Amino acid sequence: MTTPEVTSFQVRAELEDRLARDLLGPWDGPEEELPPGTSPAERYMLGRLVPRERPAAAEDPDEGEAVDAEETDPGLVDREVTAAPDGEEEGAEAEATIRSGSMAASAIGLAFSVPATIDVISVVAKWGRYERSPSETHETPQGRAAITWHRVPTGGAVEVRTDAEGTGEVVPDDEQPGVVIRWTVRHRGARRVVELSLVNGQRAPARAQDTARLYQVGLTVTALDGDAAIFLGHNDPSVAPPPSAFDDERLHLELLHRGTRQYAHGRQCAVDAFWRAGETQAWKLATTCFPAAEVPLVVPGRVPGLVLDMARLGSPELGRDDLVKALRPLVTGYRRWLAEQASRVESDPEVGRYAPAGEHAVVAARAVADRLERAIELLRGDGIAREAFRFANQAMALQRVRSEVVRARMSSPGADVSPLLREKDVPGNRSWRPFQLAFVLLCLPGLTNPSHPDAHRGLGSPDDAEVQLLFFPTGGGKTEAYLGLAAYTFAIRRLQGVLGAGSSDAVDGTRGVAVLMRYTLRLLTAQQFQRASALLCGCEMLRRERLDAGDSRWGTTPFRIGLWVGSTVSPNSFEEAERQITETRGNERLLGGVLQLPVCPWCGSGLSAGRDVVTDRLRRRVLVYCSDPEGDCAFSPRNSPGEGLPVLTVDEEIYRLTPALVIATVDKLAQLPWKAATASLFGLIDTECTRHGWQNPEFSSFCGPGGHPARGELPRAVIQPAMRLRPPDLIIQDELHLISDALGSMVGLYETAIDRLCSRGPVRPVLVASTATVRRARDQVEQVFARGLTVFPPPLLDAGETYFSATVPPTASAPGRRYRGVLAPGERLKSVEIRVASALLEHAQFLFDRYGSAADPYMTLVDYFTSTRELAGMRRLVEDDVADRLSSRQVRTRRKRPRVDELTGRMPSSRIAESLAELEHPFNPSFDSTAALDALRQNPEEY
């Protein structure tokens, strides 16, 4: 039975508790009794210390008595001598190591500092030891009491003196004299460094080795009175030397994170520190093998009086002065906040300790405020920029609302579009976040006038351009920010029309690629293609409306988006696309190489490559139509004949039709020196076929100099001269931190050519990048792009506090990202992966059975790997070992065999797109994935 009152936040806490009890223990309380046939080593993998001394019977590795003796009793199996889970041979040397138990931990500890005035500290050691004795609840088949393992709480408290340097040792519990607490004290000026460890110095018995092992081990350290805050942080200003000003970035980072203290270092464990509000020193330290950390949520800042509704900002009713008034609070509020921060730099000695980092940060932030001021003044004085800004807001409002409609229809395919539009078209679904709107404004001058000083600090100099880096946490909305910039770029090019008309340097901005967006991973490319397609649909709808109203400035060329990726993802030529479509009609796959969208980005109707993708051989076009059965969608065959959805996924079409937005992977840049057709992406054309698009020697086989005769409804086509196109004005590089190492070297080489091809004389394109993790970004940008750097929002004095963003303490209504660590020294990595994966799937199933949809977020397990080899090995383990464990008696809650999907380069693009689409659906306990996928391909309209 479900319990609606329970939230996912509460379910997460219960999931963590069950994982801790399962992996660390004790599951049934401090004096638990394990089930018959189960040993502690088999039950718990964390917080375990094996005896330091090997058993006397195992001194001769040829005898193997310890192993043979315990193999006769399943309840005494030594986990250190079991074979690897994949059955691989490790060799004699590895086997001897495992036999001796030398890979397993026999001690844990921690190192910390206390002030020189502290002479004594209190240390409490706790662990559980397990003994075999007759069960109080279980019987053998003969009716006698079964022999099971019982936990005995063990430990004790000791005092450790820190007033003298040296080492010491004490036994905390006389019941196990071989278990000792050892310490080392070193005096370092105003602090005393203490290292503590709990050591299992016992000798392992020849049999029943679990009797000498320690479980659920832990050390807790406090002041002698148990309450005083005595533990120093590593950067405590009372004892730490002042930071060096040699490295400006490091000094600024220390300023930003000056309130963060690291109170201790763990030894084969982690350390939890406890401190009270208003105190800089911790009052308690405790070791843990299952540590937790929660990253505070970063939320957008609030700007009173600022208009954030995209529909309102895009309304023609909002006149020039009203628009400026709607945006002005962004600058006035920011300047007021900067003044407060500047006064802190002058008056706060804690901030002054990191001088001159604070002063430099304020100067950089005030420069950003000046740029925002100039951008608003640009909208006041430039009517074309103001109209383009309105267009961008209208397009973004459509994109946001339609995306919500699509998301709703993916969960409920039968829902009607019209009611959903009325429900979703509200300010909450179509509003900017302040940092998004500010970032758009920051880049407007450079996009309106590429030679504007805000984008170029000195034309002709080697360092004449900057990268605008959007730095915000994952999930904060970076994508919407640069999609808004893309929409503005589309509009300003169309409105400005031909630049330099009448001269030899004239370029046509009404057609051609306006924005080049690049990603490093194919998965990111597929995801962003779906989101950007909704924006292009919105732009195209606005173009049609304006053209119908008689405004010819927007041209007759549709706004399109192109996916320019490898041939394993999308076809390179029309013939290849036609062959794929013909093959697809045989099995009705939901997605294929040509079709990269699971649903229509405008209305959410399901798409099928076998039904909704058609070819036009005369025009050499591959058209994707919306499958709306009523034909009401704007991109259905009835409302958009001969064009369909404005998406291009065939390389040849991208070269001939030059869509306004091209989304590519960085490895595709290697095509530039080998394919002459790529020249059209940068406006390098001189002739045009009125039927097929831009001309290139590679297209001579189907487009000769004489043109084409009239065929059917198509008029006669001619080859005619064409004006050079305006090259891309905006380059967007997402996930900048991934452009590193060997990939960074490759991208850096091509960036020289890309930058030159997109430049018009000394004027370079606007380059925008985004990342959620940044370090040494200025050096990276200089080495890859040969540009300067502006980081937005600029960090100031406190981490996460930038006026445009703020951190909030984790609460049930605003939970942060929660991390748990698994420290299992001595265990094989594969064993840990099997056990952790099984536990997560098992306990998520238990919570789903108990709470229903509140546990849905935890029913999918995502695993990340750094190499394909690791991924392939773990996939086999999940399909075999994990699946078998979930259906065995080892688990408390059985679960169906999990379905395993990869989002890797080993999988075809169609499978990746299908997996991403399926992740939008809630967990269905009776879902048969194989049968459902087959049915889906046969009846995609039911998607």
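1. Details of the overall build of the protein chain
For step 1, the next point in the chain: For the protein chain, the count of helices and strands is 23 helices and 29 strands.
For step 2, the next point in the chain: By residue count, 53% of the 943 residues in the protein chain fall in the buried class.
For step 3, the next point in the chain: Of all intrachain contacts in the protein chain linking residues separated by at least 6 positions in sequence, the fraction that spans at least 24 positions is 73%.
For step 4, the next point in the chain: Accessible area of the protein chain: about 41,000 Å², with a carbon and sulfur share of 52%.

2. Things to note about the nonpolar core
For step 1, the next point in the chain: Formed by 114 residues in total, the largest nonpolar core has its most connected members in Tyr334, Phe389, Leu441 and Phe490.
For step 2, the next point in the chain: Apart from the residues lying within four places of it in its own chain, the contact partners of Leu441 are Leu327, Leu330, Leu372, Ala375, Ile376, Leu379 and Phe389.
For step 3, the next point in the chain: Of all hydrophobic cores here, the second largest spans 53 residues; its members include Leu24, Leu46, Val221 and Tyr263.

3. Thoughts on the sheet that holds strand 23 (residues 693-694)
For step 1, the next point in the chain: Pairing in this open sheet of 3 strands is antiparallel, and the strands run 23-22-24 from one edge to the other. Edge strands, defined here as strands with exactly one partner in the open sheet, are strand 23 and strand 24 (719-721).
For step 2, the next point in the chain: Pairing of strand 22 (residues 687-689) with strand 24 involves 3 bridges; the strand directions are antiparallel. For Glu688, the partnering residue across the bridge sits in strand 24 and is Gln720.

4. Describing the packing of aromatic side chains
For step 1, the next point in the chain: Using the criterion set out here, one finds 18 aromatic pairs in the structure.
For step 2, the next point in the chain: Plain terms: the ring middles of Tyr130 and Tyr215 are 5.4 Å apart, the flat faces sit at 90 degrees to each other, and that makes the pair edge-to-face. Of this pair, Tyr130 sits in strand 2 (residues 120-139) while Tyr215 sits in strand 7 (residues 215-223), placing them 85 residues apart in sequence. The pair Tyr130 / Tyr215 is uniform in exposure class, with both members buried.
For step 3, the next point in the chain: Measuring from ring centre to ring centre gives 3.9 Å for Phe435 and Phe472, while their planes differ by 10 degrees; the resulting arrangement is stacked. Here Phe435, found in helix 12 (residues 434-448), pairs with Phe472, found in the loop between strand 13 (466-471) and helix 13 (478-496); they are 37 residues apart in sequence, far enough to count as distant. Here Phe435 matches Phe472 in class, with each residue buried.

5. Description of the environment of Ile739
For step 1, the next point in the chain: By the secondary structure assignment, Ile739 is in the loop between strand 25 (730-733) and helix 18 (741-757).
For step 2, the next point in the chain: Once the C-alpha coordinates of Ile739 and Val666 are considered, the two residues, 73 residues apart in sequence, prove to be 9.3 Å apart.
For step 3, the next point in the chain: If near-sequence neighbours (up to four positions away) are discounted, Ile739 is found in contact with Thr520, Val666, Gln733, Gly744, Val747, Gln780 and Val784.

6. Description of the pairing of strand 13
For step 1, the next point in the chain: Where burial is concerned, most of strand 13 is hidden: 5 out of the 6 residues are buried.
For step 2, the next point in the chain: Two strands pair when backbone bridges link them, and strand 13 and strand 27 (residues 788-792) are joined in this way by 5 bridges, in the parallel orientation. Looking at strand 27, one finds that Leu470 is bridged to Phe792.
For step 3, the next point in the chain: Of the pairings in the sheet, the one linking strand 13 to strand 26 (residues 766-771) comprises 5 bridges and is parallel in character. Considered in strand 26, the bridge of Gln468 is made with Val768.

7. A look at empty space enclosed by the protein
For step 1, the next point in the chain: In this structure the tally under the stated criterion is 9 cavities of 30 Å³ or more.
For step 2, the next point in the chain: Space inside the second largest cavity adds up to approximately 100 Å³.
For step 3, the next point in the chain: Its residues placed into classes, the lining of the second largest cavity shows 12 nonpolar, 2 polar and 3 charged.

8. Focus on the sheet that holds strand 9 (residues 270-274)
For step 1, the next point in the chain: One open sheet accounts for 5 strands, arranged 3-2-7-10-9; its pairing is antiparallel. Across the chains shown, the open sheet's two edge strands, defined by having one partner strand only, are strand 3 (145-161) and strand 9. Each strand axis lies, on average, 20 degrees off the axis of its neighbour in the sheet, ignoring direction.

9. Side note on the pattern of salt bridges
For step 1, the next point in the chain: The full count for this structure, using the stated rule, is 67 salt bridges.
For step 2, the next point in the chain: Between Glu423 and Lys424 there is a salt bridge; the shortest N-O distance is 3.8 Å.
For step 3, the next point in the chain: Between Arg619 and Asp616 there is a salt bridge whose closest N-O contact spans 2.9 Å.
For step 4, the next point in the chain: Overall, the relative accessible area of 17% leaves Arg619 in the buried class.

10. Remarks on the state of the cysteines
For step 1, the next point in the chain: Across all of its chains, the model carries 0 disulfides by this definition.
For step 2, the next point in the chain: Not part of a disulfide, Cys633 finds its nearest cysteine sulfur in Cys626, a span of 3.6 Å.
For step 3, the next point in the chain: The buried category is assigned to Cys633, whose relative accessible area is 4%.
For step 4, the next point in the chain: We note that Cys703 lacks a disulfide partner, and the nearest cysteine sulfur, in Cys689, lies 3.3 Å from it.
For step 5, the next point in the chain: Exposure remark for Cys703: the relative accessible area of 4% places this residue in the buried category.

11. Concerning the side chain of Ser888
For step 1, the next point in the chain: Position of Ser888 relative to the elements: it lies in the loop between helix 21 (868-886) and helix 22 (909-918).
For step 2, the next point in the chain: The exposure class of Ser888 is buried, given its relative accessible area of 18%.
For step 3, the next point in the chain: Within polar-contact distance, the side chain of Ser888 engages the backbone oxygen of Arg885 at 2.8 Å.

12. Some points on the environment of Leu323
For step 1, the next point in the chain: Among the structural elements, Leu323 can be located in helix 7 (residues 320-347).
For step 2, the next point in the chain: Looking at Leu323, the relative accessible area reads 0%, which means it is buried.
For step 3, the next point in the chain: Beyond its immediate sequence surroundings of up to four residues, Leu323 is in contact with Leu313, Leu318, Arg386 and Phe389.

13. Focus: unusual backbone geometry
For step 1, the next point in the chain: Cis rather than trans, the peptide bond between Ala355 and Pro356 has omega equal to 5 degrees.
For step 2, the next point in the chain: Turning to its location among the elements, Pro356 is positioned in the loop between helix 8 (349-352) and helix 9 (357-381).
For step 3, the next point in the chain: Put simply, Phe792 and Pro793 share a cis peptide bond, and its omega is -5 degrees.
For step 4, the next point in the chain: Mapped onto the elements, Pro793 comes out in the loop between strand 27 and strand 28 (805-808).
For step 5, the next point in the chain: Phi at Ala208 takes a positive value of approximately 50 degrees, unusual for a residue other than glycine.
For step 6, the next point in the chain: Structurally, Ala208 can be placed in the loop between strand 6 (191-200) and strand 7.
For step 7, the next point in the chain: In this structure, Ala786 takes a positive phi of about 55 degrees despite not being glycine.
For step 8, the next point in the chain: Relative to the helices and strands, Ala786 is located in the loop between helix 19 (777-785) and strand 27.

14. A closer look at helix 1 (residues 8-23)
For step 1, the next point in the chain: The terminal C-alpha atoms of helix 1 lie 22 Å apart, and with 16 residues this matches the ideal 22 Å at 1.5 Å per residue to within 8%.
For step 2, the next point in the chain: Buried-residue contacts for helix 1 involve helix 2 (40-43), strand 11 (292-295), strand 29 (817-820) and helix 20 (829-851).
For step 3, the next point in the chain: Immediately beyond the C-terminal end of helix 1, within one or two residues, lies Gly25, with a positive phi of roughly 85 degrees.

15. A look at the environment of Arg531
For step 1, the next point in the chain: Tracing the backbone shows Arg531 in helix 14 (residues 522-548).
For step 2, the next point in the chain: The spacing of Arg531 and Thr479 is 52 residues in sequence and 8.7 Å in space, taken between C-alpha atoms.
For step 3, the next point in the chain: Leave out the neighbours within four places in its chain, and Arg531 touches Gln399, Thr479, Glu480 and Leu483.

16. Focus: the packing of helix 1 against helix 20
For step 1, the next point in the chain: The geometry of helix 1 relative to helix 20 is characterised by a closest axis approach of 10 Å and an angle of 135 degrees between their N-to-C directions. With respect to helix 20, the axis of helix 1 lies oblique. Crossing geometry of helix 1 relative to helix 20 is assigned as right-handed. Of the residues in helix 20, those touching helix 1 at Val11, Glu14, Leu15, Arg18, Leu19, Asp22 and Leu23 are Arg835, Val836, Ala839, Leu840, Glu842, His843, Ala844, Phe846, Leu847, Arg850 and Tyr851.

17. A word on the confidence of the model for the protein chain
For step 1, the next point in the chain: The pLDDT averaged across the protein chain works out to 86; a share of 89% of its residues lies at or above 70.
For step 2, the next point in the chain: Within the model, pLDDT remains below 50 along residues 58-101, and this stretch shows 64 contacts once partners closer than five positions in the same chain are excluded.

Definitions and limits used
- Residues numbered from 1 in each chain as written.
- Predicted model: local features only at pLDDT ≥ 70, side-chain atom pairs only at ≥ 80, totals over all residues.
- Heavy atoms only, no water.
- Helix = DSSP H or I, 4+ residues; strand = E, 2+ residues; numbered from the N terminus.
- Buried < 20%, exposed > 50% of the residue type's maximum accessible area, 1.4 Å probe, protein only.
- Contact = heavy atoms within 4.5 Å.
- Areas by Shrake-Rupley, 256 points an atom, 1.4 Å probe, with all protein chains shown as cover.
- Core = buried A, V, L, I, M, F, W, Y, C linked by side-chain atoms within 4.5 Å.
- Pairing = 2+ DSSP bridges.
- Phe/Tyr/Trp six-rings, centres within 6.5 Å; stacked < 30°, edge-to-face > 60°.
- 1 Å grid on protein atoms, 1.4 Å probe; cavity = no way out; pocket = protein on both sides within 12 Å on 5 of 7 lines; lining within 4 Å.
- Points joined across faces, edges and corners; volume = space filled by probe spheres on them.
- Nonpolar A, V, L, I, M, F, W, Y, C, P; charged D, E, K, R; others polar.
- Axes fitted to C-alpha atoms, helices over the stretch in contact; angles between N-to-C directions.
- Salt bridge = Lys/Arg side-chain N within 4 Å of Asp/Glu carboxyl O.
- Disulfide = S-S within 2.5 Å.
- Polar contact = N/O pair within 3.5 Å; in protein donor to acceptor, adjacent residues only side chain to side chain.
- Expected span 1.5 Å × (residues − 1).
- Parallel < 35°, antiparallel > 145°, perpendicular 65-115°, else oblique.
- Left-handed = near helix turned anticlockwise from the far one by under 90°.
- pLDDT = per-residue confidence, 0-100.

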